[in-house]
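Read off the chains here:
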Amino acid sequence: MGNCADCMRNFFGRTKNTNVRISLPAVCLVWQIAMIVLFGVFIRYDEESDTHWAEHKRDHNITSDIENDFYFRYPSFQDVHVMIFVGFGFLMTFLKKYSFGAVGFNFMIASFGLQWALLMQGWFHALDPATGKIHIGVESMINADFCCAGTLIAYGALLGKTSPVQLLVVTLFGVTLFAVEEYIILSLLHCRDAGGSMVIHAFGGYYGLAISWVLYRPHLNQSKSLNGSVYHSDVFAMIGTLFLWMFWPSFNSAITDHGDGQHRAAINTYLALASSVLTTVAISSMSDKRGKLDMVHIQNATLAGGVAMGTAAEFMITPYGSLIVGFCCGIISTFGYLFVTPFLEKYLKLQDTCGIHNLHAVPGMLGGFIGAIVAAAATESVYSKEGLINTFDFVGDFADRSPGTQGGFQAAGTCVAIAFGLVGGGVVGLILRLPIWGDPADDNCYDDEVYWEVPEDEDSIPPVLEYNNHMIHKHQDISESNFSVEQS
């Protein structure tokens, strides 16, 4: 028994090796080849992207190509796509020496994730039982990006502490878990969650937090000198914030029903985001003895209104109700960064690099319960009979469901998302504890040099080797010109 314990201790406690020259190419190439094979077997164009579109138009009395869903959905897809690759990526560049990892690994996660998401979501939502094929179109692309968002949120808690191979494993399981919980919440429970407060933010937040808790690093303070920002890194992170903030109304309205639902979702999100900015500024200033603002709060808590509005975005929450949601979530999120994050790290041993607990997990959970309350309070006098049917999709097996019952199922859906995140994250965290993934040691975190070829700092380059300073070259040209004149 003692020998077995010693073997386990030696296996899990051996020196970290961050060389991923074999493992990273192997995983990337094998998984990409697997995607090619699976796409060849299962994925096909849907009727609106296939060359049989002309026949489809004729059979369905469609008179113009403008009625193709592409022209309705693609502008929203563009906005969501920018949020995934630019917004999330640059938001995580605040660490002083981890900008390559923030943007580059974000790029890698999303690129693999969207392929796997098209398959997983297709198997659960769009598999044709007659042909065994999955038909994809522009809405499938939006949903795949949504699926990636859950894993990118989880990455925020792990930022700077994991290897790229580990992140691909997190993505593989994260997308799989997302597809399952999404199917349970949206299809079996028949919840409405257009902007993903439940299925994206609550799940992704608690998924990342659970992984981070299992991967707790007791000596992470050895890297504390790099766990912070500098002036220019905060500016780059603010670029990500602004992209997310501007496009969030598209995120919450992208897959809602055409017409009033999509219009209302954009308005409600727009107002909630604006409200959360002012309350974030207020609380951030009040928390400092000199009234100064903290850039961490401005980069993150200002987005909390958009997160919390995800579920109720298409409901009749009213414009002032949207402002109230943003008002409250700006306060809650900012207090989270001030008090909850330090508490979690000190007492619960939970190291949350980006503070996803305050931006995604808690606002996502609140958004789910806000949606449940608003759904339960829905009346025919406010929505109209047809409006209730359209908003909550009370058709087919759910035609007899009442708004009160719908509210109960909305609350249950929020609990399902949290449970999937916590349990799934705990299991994935245990897998990632295996010492085979090339993750950095506690004294080597938050540093791009571990996995990236990083240019030398300008200050460390001798003047004779500087090559991109136009003024130096200009002075050299002037000196040479003066010398020539004197000689003549």
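### Quick notes on the overall build of the protein chain
- Each helix and strand in the protein chain was counted, giving 18 helices and two strands.
- Against the 2.2 N^0.38 benchmark of 23 Å for 488 residues, the protein chain shows a C-alpha radius of gyration of 25 Å, consistent with a compact globule.
- Dimensions of the protein chain, computed from the C-alpha atoms along their principal axes, are close to 90 × 80 × 60 Å.
- Across the 488 residues that make up the protein chain, the buried fraction comes to 48%.
- Residue pairs in contact within the protein chain that sit at least 24 positions apart in sequence constitute 82% of those at least 6 positions apart.
- Accessible surface computed for the protein chain: about 23,500 Å², of which carbon and sulfur atoms make up 63%.

### Quick look at unusual backbone geometry
- A positive phi angle is found at Thr318, which is not glycine, with a value near 75 degrees.
- Turning to its location among the elements, Thr318 is positioned in the loop between helix H12 (304-308) and helix H13 (319-347).
- Here the phi dihedral of Tyr446 falls at roughly 60 degrees; this positive angle occurs in a residue that is not glycine.
- Structurally, Tyr446 can be placed in the loop between helix H17 (403-432) and helix H18 (470-487).

### Things to note about the environment of Ser284
- Summarising the element assignment, Ser284 is placed in helix H10 (residues 260-286).
- Placed 50 residues apart in sequence, Ser284 and Thr334 show a C-alpha to C-alpha distance of 6.9 Å.
- Ignoring any residue separated from it by four or fewer positions in sequence, one finds Ser284 in contact with Lys292, Leu293, Asp294, His297 and Thr334.

### Here we look at the pattern of salt bridges
- Taken as a whole, this structure holds 10 salt bridges when the rule is applied.
- In this structure, Asp439 and Lys16 form a salt bridge, with 2.7 Å as the shortest nitrogen-oxygen distance. Taken as a pair, Asp439 in the loop between H17 and H18 and Lys16 in the loop between helix H1 (2-12) and helix H2 (23-42) lie far apart in primary sequence, 423 residues in all.
- The partly exposed category is assigned to Lys16, whose relative accessible area is 40%.
- The closest approach of N and O atoms between Asp257 and Arg192, which form a salt bridge, is 3.9 Å. Taken together, the positions of Asp257 in the loop between helix H9 (231-253) and H10 and Arg192 in the loop between helix H7 (164-188) and helix H8 (197-214) put the pair 65 residues apart, joining distant regions of the chain.
- The partly exposed category is assigned to Asp257, whose relative accessible area is 38%.
- It is possible to trace a salt-bridge network through shared partners that takes in Lys16, Arg217, Asp439 and Asp442.

### Focus: the side chain of Ser253
- Looking at where Ser253 falls in the secondary structure, it is placed in helix H9.
- Assessed through its relative accessible area of 5%, Ser253 is described here as buried.
- Looking at Ser253, its side chain comes within polar contact range of the main-chain oxygen of Pro249, at 2.7 Å.
- The residues touching Ser253, leaving out its near neighbours within four places in the chain, are Gln262, Ala265 and Ala266.

### As for the environment of Ser285
- Secondary-structure assignment places Ser285 in helix H10.
- With sequence-adjacent residues up to four places away left out, Ser285 is seen in contact with Gly291, Lys292 and Leu293.

### Structural notes on the packing of H13 against helix H14 (residues 356-376)
- Packing of H13 against H14 brings their axes to within 9 Å, and their N-to-C directions diverge by 135 degrees. As summarised for this structure, H13 and H14 are arranged oblique, according to the angle between their axes. Note that H13 runs across H14; the crossing there is right-handed. Contacts between H13 and H14 pair Val325, Ile332, Ser333, Gly336, Tyr337, Val340, Thr341 and Leu344 from the former with His357, Asn358, Leu359, Val362, Leu366 and Ile370 from the latter.
- Broken down by class, the residue content of the contact of H13 with H14 amounts to nine nonpolar, five polar and no charged.

### Points about the packing of helix H6 (residues 138-158) against H8
- It is at 7 Å that the axes of H6 and H8 come closest, and there the two elements cross at 35 degrees. Our pair here, H6 against H8, has a crossing hand that is right-handed. Together, Phe146, Ala149, Gly150, Ile153, Ala154, Ala157 and Leu158 of H6 and Ile200, His201, Gly204, Gly205, Tyr207, Gly208, Leu209, Ile211 and Ser212 of H8 make up the contact between the two elements.
- Residue composition of the contact of H6 with H8, by class: 10 nonpolar, six polar and no charged.

### With respect to the confidence of the model for the protein chain
- Taken residue by residue, the protein chain gives an average pLDDT of 92. The fraction at 70 or more is 91%.
- Ignoring residues within four places in sequence, the model shows residues 464-488, a span with pLDDT below 50, making four contacts including any to other chains.

### Looking at a nonpolar patch on the surface
- A contiguous nonpolar surface patch, about 370 Å² in accessible area, is contributed by Leu29, Ile33, Val37 and Val41.
- Locating Leu29 in the fold gives a position in helix H2.
- Among the residues examined, Leu29 registers a relative accessible area of 57% and is labelled exposed.

### Topic: the packing of aromatic side chains
- All told, the structure shown has 22 aromatic pairs when counted by the stated rule.
- Ring centres of Phe105 and Tyr451 lie 6.4 Å apart, and the angle between their planes is 70 degrees; this geometry places the pair in the edge-to-face category. Of this pair, Phe105 sits in helix H5 (residues 99-126) while Tyr451 sits in the loop between H17 and H18, and the two are 346 residues apart along the sequence. As far as burial versus exposure is concerned, Phe105 and Tyr451 are alike and both buried.
- Judged by centre distance (5.1 Å) and plane angle (40 degrees), the ring pair of Phe343 and Tyr347 falls under tilted.

### As for a negative patch on the surface
- Taken together, Glu449, Glu453, Glu456 and Asp457 make up a surface patch of like negative charges.
- Positionally, Glu453 belongs in the loop between H17 and H18.

What counts and what doesn't
- Residues numbered from 1 in each chain as written.
- Predicted model: local features only at pLDDT ≥ 70, side-chain atom pairs only at ≥ 80, totals over all residues.
- Heavy atoms only, no water.
- Helix = DSSP H or I, 4+ residues; strand = E, 2+ residues; numbered from the N terminus.
- Rg over C-alpha atoms; globule rule 2.2 N^0.38 Å.
- Buried < 20%, exposed > 50% of the residue type's maximum accessible area, 1.4 Å probe, protein only.
- Contact = heavy atoms within 4.5 Å.
- Areas by Shrake-Rupley, 256 points an atom, 1.4 Å probe, with all protein chains shown as cover.
- Salt bridge = Lys/Arg side-chain N within 4 Å of Asp/Glu carboxyl O.
- Polar contact = N/O pair within 3.5 Å; in protein donor to acceptor, adjacent residues only side chain to side chain.
- Axes fitted to C-alpha atoms, helices over the stretch in contact; angles between N-to-C directions.
- Parallel < 35°, antiparallel > 145°, perpendicular 65-115°, else oblique.
- Left-handed = near helix turned anticlockwise from the far one by under 90°.
- Nonpolar A, V, L, I, M, F, W, Y, C, P; charged D, E, K, R; others polar.
- pLDDT = per-residue confidence, 0-100.
- Patch = residues over 30% accessible without salt bridge, like charges linked within 9 Å, V, L, I, M, F, W, Y side chains within 5 Å.
- Phe/Tyr/Trp six-rings, centres within 6.5 Å; stacked < 30°, edge-to-face > 60°.
- Lys, Arg positive; Asp, Glu negative; His and termini not counted.
- Charge placed at Lys NZ, Arg CZ, Asp CG, Glu CD.

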